[in-house]
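Chain residues, written in single-letter form:
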Amino acid sequence: MERANVQEAFLSERVKYLCSCGFLKPIYRVYFCRHCQKIRCGNCVSQEMDSTYCSGCLEMMSNVEAGLKKNRCSTCKDCPSCGHTLSTRATSIQAPSMEDPTKIVPRKVYYVACGFCRWTSRDSKLPDQNVASGTWTEFENPDSERLTTLSDNYRALAVLERSAAEQGKYGRQDKTRRFLEGKGKFGAMARATRKQAGLPPSRSLVTAKDLDAKSLKEMAAQPFDEADDALPESAFTEPLVLTSVTTLDQRLAFPELQTERQDRLQPQHKHAEMKRSMRCRYCDHNLSKPEYSCISIKFRIQLNAYYHVPDVKILSVGELLVGQQTETVLTFSNPTIYPMTIRLEKYREPDEEELQENPDPEHKESSLLRPVTLQRVEPDIQQTAELTLPAAEVVLAPRDDSAEFDDAPSSSEFRDDPSVVVWRQANKVALRVPVTPLPSAGGGRCSAALLLHYSYTNTIVTGESKQPQTLKLRARLVVDLGQVTAAEGSG
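On a predicted model such as this, the values are computed, not experimentally measured, just so you know.

1. Points about the sheet that holds strand E18 (residues 394-396)
Phase 1: Taken in spatial order, the six strands of this open sheet run E2-E1-E22-E21-E16-E18, and their pairing is antiparallel. Every interior strand has two partners, whereas the edge strands, strand E2 (24-26) and E18, have only one. Neighbouring strand axes in the sheet, compared pairwise and without regard to direction, differ in orientation by 35° on average.
Phase 2: Of the strand pairs in this sheet, strand E1 (residues 15-18) and strand E22 (residues 469-483) are connected by three bridges, and their pairing is antiparallel. The residue bridging Val 15 from the neighbouring strand is Val 479, located in E22.

Below, the structure written as structure tokens:
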């Protein structure tokens, strides 16, 4: 049997799991919901922002503060040339003394430099600072006033449209109900009370009369002057030096400036990072939740699939010829601390019972994503090979971190069929699966699908049972076996 390239065979991209929504993803890109007992991909989860912080100085900031700072750190700087974090450097220069200008003394100054591309603030002729935390020159956008005016006007128009929609919604109701609503939280009495107390009107209470006419100034359209975009005469007379011209990525990284010259690049404030938690869209339970502190890299909840679902990899593949049976060895790993049994079966489409979603009744009413309905897509599964799967169940030993340092064989505890089980070590087992490429494979890639039955021990304590429950679950896999070898004399 010809062994495949080890580096290629052990890639997880060649074995993909079918998500409940119909997408095929590798095991490291899917999650396992312990409440639904189903595999979820990135399309089946909703993302929530937990905290905002700067990855350079690890400063935490609230959502309001991050919005005011435009999601940027006020201290750390990024290199405008390559995007890496800038560091402050100190140097000594000869300068006149502060007490006696006629006397030249050494003075320590500071500048910022990039340790990756060697860009410094001196390349852009930015003045050095006398202190390490000096205030560097900030670029002022010449169109900032017009952008602010446009933003205010569009915000006012949005409030007017929302107010008109609310009035049209309740305008067709009877007078009795409108009188009762006028005395409520968003009625006319509430608006008069806020005005008497000197408070600004709430957005929900704003009407066309409450808005100042100055806030809805008509923005006169300005014609575009093509002469401003004309190339300078030096572009036709002087030779072009590519090292002095900025790249497209450098211009898009600073859209307010978009300079064309390297000597005009300026340091940029570092973008703020976010810690996100992921929640199942069907049962509303968390699948991934990190620690709130930006210093910690641990997770409170981490329900990745490779912690709960058997990990399947290709160990070796023989020579693939159309119509000829060859031997393939697949490895199965048990990621849990409980024993697990697996059984392979031919692939079949999921029935209506498997596709039915049963959300948790405790979270059904409180779920904000319940109105969202996710349509299942039809998976693109092309079987160009036929697998001869073993009918017997195989037991996987529980995961033991200390077992990898134990050289004693562990196969004596199990009664394995030598025609099926190639070897067994700790929580891993290798199974022999004959494969026959079909004529539809031709000279392309050979792939096959199978249905994996496995037992899963659910450790979630519910009101009905206080002990862990062992469940029988199924996972659908698509295995890419490799390139089919063309027969001699074909073509």
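2. Examining the layout of surface pockets
Phase 1: Quantified by volume, the second largest pocket comes out at close to 660 Å³.
Phase 2: Lining the second largest pocket are 22 residues, and of these Pro 232, Ser 234, Ala 235, Glu 260 and Arg 261 lie nearest its centre.
Phase 3: The residue inventory of the lining of the second largest pocket, partitioned by class, reads nine nonpolar, five polar and eight charged.

3. Some details on a nonpolar patch on the surface
Phase 1: Residues Tyr 28, Tyr 306 and Tyr 307 make up a contiguous nonpolar surface patch of about 280 Å² in total accessible area.
Phase 2: Mapped onto the elements of the fold, Tyr 307 is located in the loop between strand E13 (299-302) and strand E14 (311-317).
Phase 3: Here Tyr 307 falls in the partly exposed class, since its relative accessible area comes to 39%.

4. Quick notes on the pattern of salt bridges
Phase 1: Tallying each qualifying case throughout the model produces 13 salt bridges.
Phase 2: Ionic pairing is found between Lys 289 and Asp 50, a salt bridge with its closest N-O pair at 3.8 Å. Of this pair, Lys 289 sits in strand E12 (residues 286-290) while Asp 50 is found in strand E5 (residues 45-53), placing the two residues 239 residues apart along the sequence.
Phase 3: A salt bridge links Arg 155 to Asp 152, with the nearest nitrogen and oxygen atoms 3.1 Å apart. Linking Arg 155 with Asp 152, this pair stays in helix H3 (residues 144-170), spanning three residues, or about one helical turn.

5. As for the packing of aromatic side chains
Phase 1: Per the stated rule, a full pass over the model turns up two aromatic pairs.
Phase 2: When the centroid spacing of 5.0 Å and the interplanar angle of 65° are considered together, the rings of Phe 32 and Tyr 456 count as edge-to-face. Of the two residues, Phe 32 sits in strand E3 (residues 31-33) while Tyr 456 sits in strand E21 (residues 445-458), which places them 424 residues apart along the sequence.
Phase 3: With relative accessibility at 2%, the residue Tyr 456 sits in the buried group.
Phase 4: For Arg 122, the ring lying beneath its charged end belongs to Tyr 111, and the centroid distance is 4.4 Å.

6. Things to note about the environment of Thr 328
Phase 1: Tracing the sequence through the fold places Thr 328 in strand E15 (residues 326-333).
Phase 2: Judged by its relative accessible area of 2%, Thr 328 falls in the buried class.
Phase 3: Considering only alpha carbons, one finds Thr 328 and Val 433, 105 residues apart in sequence, at a separation of 5.2 Å.
Phase 4: Setting aside its immediate chain neighbours within four residues, Thr 328 contacts Ser 316, Val 317, Leu 431, Arg 432, Val 433, Val 435 and Leu 481.

7. So, empty space enclosed by the protein
Phase 1: Tallied over the entire structure, the rule returns one cavity of 30 Å³ or more.
Phase 2: Its boundaries defined by the atoms lining it, the largest cavity holds a volume of some 40 Å³.
Phase 3: In terms of lining, the largest cavity is formed by Thr 328, Leu 330, Leu 387, Val 433, Ala 448, Leu 450, Val 479 and Leu 481.
Phase 4: Looking at the lining of the largest cavity, the elements with two or more residues in it are E15, E21 and E22.
Phase 5: Residue composition of the lining of the largest cavity, by class: seven nonpolar, one polar and no charged.

8. Quick word on the nonpolar core
Phase 1: Membership of the largest hydrophobic core comes to 54 residues, with the highest contact counts inside it found for Tyr 17, Phe 332, Ile 342, Leu 431, Leu 452 and Tyr 454.
Phase 2: Considering every element that reaches this core, the biggest residue donor is E21, with six residues.
Phase 3: Apart from the residues within four sequence positions on either side, Phe 332 is in contact with Asp 311, Val 312, Ile 342, Leu 344, Leu 396, Asn 427, Lys 428, Val 429, Leu 431 and Leu 452.
Phase 4: Grouped together as the second largest cluster of nonpolar side chains are nine residues, Cys 79, Tyr 111, Cys 114 and Leu 265 included.

9. Re the sheet that holds E13
Phase 1: A sheet is described by the order of its strands in space; here five strands give the open sequence E6-E5-E11-E12-E13, paired in antiparallel fashion. What marks the edges here is a single partner per strand, and that holds for strand E6 (60-61) and E13.
Phase 2: Relative to E13, E12 runs antiparallel, the two sharing three bridges. When the sheet's bridge partners are listed, Pro 290 is paired in E13 with Phe 299.

10. Regarding the state of the cysteines
Phase 1: Enumeration over the complete set of coordinates arrives at zero disulfides.
Phase 2: Cys 21 supplies the cysteine sulfur nearest to Cys 41, a cysteine that is in no disulfide, at a spacing of 3.4 Å.

11. Considering the pairing of E12
Phase 1: Burial analysis of E12 places four of its five residues in the buried class, the great majority of the element.
Phase 2: Across two bridges, strand E11 (residues 273-280) lies against E12 in antiparallel orientation. Directly across from Arg 279, in E12, lies its bridge partner Asn 286.
Phase 3: A loop of five residues connects E11 with E12, the two strands running antiparallel in sequence, and Asp 284 in this loop sits at a positive phi of about 70°.

Cut-offs applied
Residues numbered from 1 in each chain as written. Predicted model: local features only at pLDDT ≥ 70, side-chain atom pairs only at ≥ 80, totals over all residues. Heavy atoms only, no water. Pairing = 2+ DSSP bridges. Helix = DSSP H or I, 4+ residues; strand = E, 2+ residues; numbered from the N terminus. Axes fitted to C-alpha atoms, helices over the stretch in contact; angles between N-to-C directions. 1 Å grid on protein atoms, 1.4 Å probe; cavity = no way out; pocket = protein on both sides within 12 Å on 5 of 7 lines; lining within 4 Å. Points joined across faces, edges and corners; volume = space filled by probe spheres on them. Nonpolar A, V, L, I, M, F, W, Y, C, P; charged D, E, K, R; others polar. Patch = residues over 30% accessible without salt bridge, like charges linked within 9 Å, V, L, I, M, F, W, Y side chains within 5 Å. Areas by Shrake-Rupley, 256 points an atom, 1.4 Å probe, with all protein chains shown as cover. Salt bridge = Lys/Arg side-chain N within 4 Å of Asp/Glu carboxyl O. Buried < 20%, exposed > 50% of the residue type's maximum accessible area, 1.4 Å probe, protein only. Phe/Tyr/Trp six-rings, centres within 6.5 Å; stacked < 30°, edge-to-face > 60°. Lys NZ or Arg CZ within 6 Å of the ring centre and 35° of its normal. Contact = heavy atoms within 4.5 Å. Core = buried A, V, L, I, M, F, W, Y, C linked by side-chain atoms within 4.5 Å. Disulfide = S-S within 2.5 Å.

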